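A structural walkthrough
In case you want the letters, here they are:
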Amino acid sequence: MQAKKRYILVIICCAFLAYCYLGGYRLKGLQTLFRMRIRKNPDNLPSYHQLHYQYTDGAERAEQAQPQPDDDLFAPPAYESSRSRELAPQPAFEGGAGRRVTDEASASFKSCRMETCFDFSKCSDKNFYVYVYPPEPLNSLGAPPPISQNYQKIISAIQESRYYTTDPAQACLFVLGIDTLDRDSLSEDFVRNVPSRLQRLPHWNNGRNHIIFNLYSGTWPDYNENGLGFDPGQAILAKASMSV
């Protein structure tokens, strides 16, 4: 009886190994086929705009569209096709209180581009400096403002570079001293009262020429991509895992 069980176990292991081998061989064959098709006709590789943007004007769409090869390897990721749905106002939470992003803020975010929301007069090839806001003063309990180790690394890297300046009048870009990397209200690194903190910054100017770093946004169960819990205004959002 024990020998029969051992034989059955050996047969199952052999079948599993054969399945893994054949599956890996098939995947390798698909990769080889993909490379061969790209080498033969690289012009058929779809562009970034073709994969991720939809044009409303028929003539413009006809100009931008290119024939795509009939191959599942070229299938674009299943992103939401409507920018209005991606940028629609979503409920955000700040300090346990619900705050819904207004339609005006959403419309401002969609219309904000480098040519409309960035002041190029502060920047030049010879004058490209980055100003980092100093840490906020200690609170009433004598504790320093919360800042994560990852955000401290970002600040230190900027301050040690040749682009760093302590004079905001010379700065082209402004980096917050407020840790905005983790905007999950359930996280221990979540910084509260960010809207009021931003308004106290002397050079905020609705976020113009500011950079906001973010790795995590929203909270359980939605983890909304735009759920920062505050309005970034005209600031540049350097964010992980963007769908657009």
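Residues numbered from 1 in each chain as written. Predicted model: local features only at pLDDT ≥ 70, side-chain atom pairs only at ≥ 80, totals over all residues. Heavy atoms only, no water.

A look at the pattern of salt bridges
For clarity, the threshold we go by: Between Lys or Arg on one side and Asp or Glu on the other, a salt bridge is scored when a side-chain nitrogen of the former is within 4 Å of a carboxyl oxygen of the latter. The secondary structure listing takes helices from DSSP runs of H or I that are at least 4 residues long and strands from runs of E that are at least 2 residues long, numbered from the N terminus. Each residue gets one of three labels from its accessible area relative to the maximum for its type: buried under 20%, exposed over 50%, partly exposed in between, using a 1.4 Å probe on protein chains only.
Throughout the structure, instances matching the rule amount to two salt bridges. For R197, the salt bridge goes to E136, with nearest N and O atoms at 2.2 Å. Taken together, the residues span a long stretch of sequence, with R197 in helix 8 (residues 194-199) and E136 in the loop between strand 3 (130-132) and helix 7 (149-159) at a distance of 61 residues. Residue R197 is classed as buried on the basis of its relative accessible area, which comes to 15%. Notably, a salt bridge pairs E136 with R200, separated by 3.7 Å at the nearest N-O pair. Of this pair, E136 sits in the loop between strand 3 and helix 7 while R200 sits in the loop between helix 8 and strand 7 (210-214), and the two are 64 residues apart along the sequence. When its relative accessible area of 22% is taken as the criterion, E136 is described as partly exposed. Taken together, the salt bridges that share partners define one network made up of E136, R197 and R200.

Thoughts on the environment of Y133
Let me state the cut-off plainly: By definition, residues are in contact when any of their heavy atoms lie within 4.5 Å. We define a polar contact as two N or O atoms separated by no more than 3.5 Å, with the added condition that, inside protein, one atom must be a possible hydrogen donor and the other a possible acceptor, whereas residues neighbouring each other in sequence contribute only through side-chain atom pairs.
With respect to the secondary-structure elements, Y133 resides in the loop between strand 3 and helix 7. Using a relative accessible area of 5% as the deciding quantity, one classes Y133 as buried. Measuring from C-alpha to C-alpha, the distance between Y133 and I178 comes to 8.3 Å, with 45 residues separating the pair along the chain. Non-local contacts of Y133, meaning those with residues more than four positions away in its chain, are made with F174, V175, L176, G177, L201, P202, H203, W204 and H210. A distance of 2.8 Å separates a polar atom in the side chain of Y133 from a polar atom in the side chain of H210.

Brief notes about the pairing of strand 7
Burial within strand 7 is extensive, with five of its five residues counted as buried. Burial along strand 7 is two-sided: the residues H210, I212 and N214 and I211 and F213 are all buried.

Some remarks on helix 7
Stated precisely, the cut-off is as follows: Along the arc lie the directions from the helix axis toward the C-beta atoms.
Buried within helix 7 are the following residues: Y151, I155 and I158. Looking straight down helix 7, one finds its buried side chains confined to an arc of 65 degrees; they lie on one side. Exposed residues lying more than 90 degrees from the buried face of helix 7 are Q149 and K153.

Observations regarding the sheet that holds strand 9 (residues 236-239)
The strands making up a sheet are joined through hydrogen bonds of the backbone, oriented either antiparallel or parallel. Where we set the bar: Each pair of strands is called paired provided DSSP finds at least two bridges between the two strands. Lines fitted to the C-alpha atoms define the axes, with helices restricted to the stretch that makes contact. Angles between their N-to-C directions range from 0 to 180 degrees.
With respect to topology, five strands assemble into an open sheet ordered 4-3-5-7-9, the strand pairing being parallel. Each end of this open sheet is capped by a strand with a single partner; those strands are strand 4 (164-165) and strand 9. Each of strand 3, strand 4, strand 5 (173-175) and strand 7 is contacted by helix 7, which is oriented at about 135 degrees to strand 3, the strand it contacts most.

Examining the packing of aromatic side chains
Counted only if it meets this: Note on aromatic contacts: the rings of Phe and Tyr and the six-membered ring of Trp form a pair at centre separations within 6.5 Å, being stacked when their planes are under 30 degrees apart, edge-to-face when over 60 apart, and tilted otherwise.
For the structure on display, the rule yields five aromatic pairs. With centroids separated by 5.9 Å and ring planes inclined at 90 degrees, the aromatic side chains of F128 and Y163 adopt a geometry described as edge-to-face. Of this pair, F128 sits in the loop between helix 6 (114-117) and strand 3 while Y163 is found in the loop between helix 7 and strand 4, placing the two residues 35 residues apart along the sequence. With a centroid separation of 5.4 Å and 75 degrees between ring planes, the pair formed by Y131 and Y133 is classed as edge-to-face. Taken together, the aromatic side chains of Y131, Y133 and F174 make up a single cluster linked through ring pairs.

With respect to the state of the cysteines
Under the convention used in this document: In this description, a disulfide is simply a cysteine sulfur pair whose atoms lie within 2.5 Å.
What the rule picks out here adds up to two disulfides. What pairs with C123 in a disulfide is C172, and their sulfur atoms sit 1.7 Å apart. Around the S-S axis, the bridge from C123 to C172 shows a dihedral of about 85 degrees and counts as right-handed. Placement of C123 in the loop between helix 6 and strand 3 and of C172 in the loop between strand 4 and strand 5 is noted, with a sequence separation of 49 residues between them. Per residue, the accessibility class of C123 equals that of C172, and both read buried. Look at the protein chain and number its bonded cysteines as they come in the sequence; the links are 1-2, 3-4. Of all cysteine sulfurs in the structure, the one in C14 sits closest to C13, which takes part in no disulfide; the separation is 6.9 Å. Here C13 falls in the partly exposed class, since its relative accessible area comes to 40%.

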